[in-house]
Amino acid sequence: DSTMASNCLRYRANGEKVMRSSGPSFAILYSRWTLYADPETPYFFVDETGARVSDQKKAFVDGMRDTVQRLRELGVSRILVLGPTPTFPMSAPECVVRSIRYRQPIDTRCSQPRRAEEAKRALAVAWLNEATSNDPSVKLIDPIDVFCDKQFCRPYTDQTVYFIDTNHISDAGVSAILTAFKDKFSWAFFGEDPKDAAATPTR
């Protein structure tokens with residue numbers, strides 16, 4: 001979609017403008033990675049002529065590395081990449097409310113079998129690992145266990161809903177990820193590595 005593409009380019013340009021003026025020391029990258037890393041995806045990368053690229057994986061990996069390099073050029077020294085979060089067949093809040101109202105089992109109607117989610121995200125996880133490995137300025141976290149047990153991936157808990165639709169995380173979902181990966185976010189925000197702190201003698 002040309003409108004979506006032009007909007008994305010405009011948002012990226014605005015983001016770079018803000019970063020140049022503010023000089024951030026860290027960045028957090030998060031996207032619906034599976035849109036571009038799934039054999040059945042309708043989304044694909046194009047070259048400078050607008051033609052579909054022949055190697056989707058190479059475009060993904062090279063694009064991620066280019067993004068990291070661009071961030072470095074803007075002065076960013078720590079980059080935290082958030083791996084793919086689950087997606088669901090129905091909007092989470094609507095599904096949960098309807099299930100409760102009509103006394104339907106929420107797991108059956110609103111959750112996603114973990115096996116299916118693992119298959120859907122396998123390429124994205126592999127490509128992100130390849131793109132970010134061997135780079136000390138980049139850390140990759142995989143949030144799947146925040147939302148999934150061995151059987152199901154759930155967009156909710158007994159107390160709250162983690163997604164505002166089929167894939168966008170709510171504030172509660174963000175909080176759950178922050179809690180699960182405190183050490184990685186501490187590294188991104190402040191440059192603090194718990195391993196380094198533990199090895200440093202106190203006086």
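Refer to the structure printed above.
Here the structure is a predicted model, which means the values were calculated and not measured.

### Some details on the packing of helix H2 (residues 56–73) against helix H5 (residues 114–132)
How two helices sit against one another is set out by the angle between their axes and by the gap between those axes.
Okay, step 1: Orientation of H2 relative to H5, taken along the N-to-C sense of each, is 45°, at an axis distance of 9 Å. What the angle tells us is that H2 and H5 run oblique. When you trace H2 past H5, the crossing you get is right-handed. Each of Gln56, Lys57, Phe60, Val61, Met64 and Arg65 in H2 lies in contact with H5, whose residues at this interface are Trp127, Leu128, Glu130, Ala131 and Thr132.
Okay, step 2: For the contact of H2 with H5, the class distribution of residues is 6 nonpolar, 2 polar and 3 charged.

### Regarding the sheet that holds strand E2 (residues 78–82)
Okay, step 1: Strand order across the open sheet formed by 3 strands is E1-E2-E4, with parallel pairing between neighbours. The outermost strands of the open sheet, each flanked by one partner alone, are strand E1 (26–30) and strand E4 (138–141). Ignoring strand direction, the axes of neighbouring strands in this sheet form an average angle of 20°.
Okay, step 2: Sheet contacts for H2: E1, E2 and E4; angle to E1, the most-contacted strand, approximately 160°.

### Examining the pairing of E1
Okay, step 1: Here E1 shows one buried face, formed by Ala27 and Leu29, and one open face, formed by Phe26, Ile28 and Tyr30.
Okay, step 2: Pairing of E1 with E2, which is carried by 5 bridges, proceeds in the parallel orientation. Looking across to E2, one finds that Phe26 is bridged to Arg78.

### Quick notes on the state of the cysteines
Okay, step 1: Following the criterion strictly, the structure yields 2 disulfides and no others.
Okay, step 2: Through a disulfide, Cys95 is tied to Cys110; the S-S separation comes to 2.1 Å. On the sign convention where negative means left-handed, the S-S torsion of about -95° between Cys95 and Cys110 marks this disulfide as left-handed. Of this pair, Cys95 sits in helix H3 (residues 92–101) while Cys110 is found in helix H4 (residues 106–110), placing the two residues 15 residues apart along the sequence. In this structure, Cys95 and Cys110 share a single accessibility class: buried.
Okay, step 3: Between Cys148 and Cys153 runs a disulfide, and the two sulfur atoms are separated by 2.1 Å. One quick way to see it: the torsion about the S-S bond of Cys148 and Cys153 is about 105°, and its sign makes the bridge right-handed.
Okay, step 4: Exposure remark for Cys153: the relative accessible area of 0% places this residue in the buried category.
Okay, step 5: Once the bonded cysteines of the protein are numbered in order along the sequence, the disulfide links fall as 1-2, 3-4.

### Side note on the environment of Ser31
Okay, step 1: Tracing the backbone through its elements, the reader meets Ser31 in the loop between E1 and H2.
Okay, step 2: Accessibility expressed as a relative area gives 31% for Ser31, which makes it partly exposed.
Okay, step 3: In the structure, Ser31 is positioned 51 residues away from Leu82 in sequence and 7.9 Å away in space, judged by C-alpha atoms.

### Focus: the pattern of salt bridges
Okay, step 1: Evaluation of the coordinates by the stated rule reveals 11 salt bridges.
Okay, step 2: The shortest N-O distance in the salt bridge between Lys57 and Glu130 comes to 3.0 Å. Note that Lys57 is positioned in helix H2 and Glu130 in helix H5, a separation of 73 residues in sequence.
Okay, step 3: What makes Glu130 partly exposed here is its relative accessible area of 33%.
Okay, step 4: With a closest N to O distance of 2.7 Å, Asp149 and Arg154 form a salt bridge.
Okay, step 5: Look at the salt bridges and you will find they share partners, linking Asp107, Asp149 and Arg154 into a network.

The rules behind these values
Residues numbered from 1 in each chain as written. Predicted model: local features only at pLDDT ≥ 70, side-chain atom pairs only at ≥ 80, totals over all residues. Heavy atoms only, no water. Axes fitted to C-alpha atoms, helices over the stretch in contact; angles between N-to-C directions. Helix = DSSP H or I, 4+ residues; strand = E, 2+ residues; numbered from the N terminus. Parallel < 35°, antiparallel > 145°, perpendicular 65-115°, else oblique. Left-handed = near helix turned anticlockwise from the far one by under 90°. Contact = heavy atoms within 4.5 Å. Nonpolar A, V, L, I, M, F, W, Y, C, P; charged D, E, K, R; others polar. Pairing = 2+ DSSP bridges. Buried < 20%, exposed > 50% of the residue type's maximum accessible area, 1.4 Å probe, protein only. Disulfide = S-S within 2.5 Å. Salt bridge = Lys/Arg side-chain N within 4 Å of Asp/Glu carboxyl O.

Just geometry here; none of it tells us what the structure is for.
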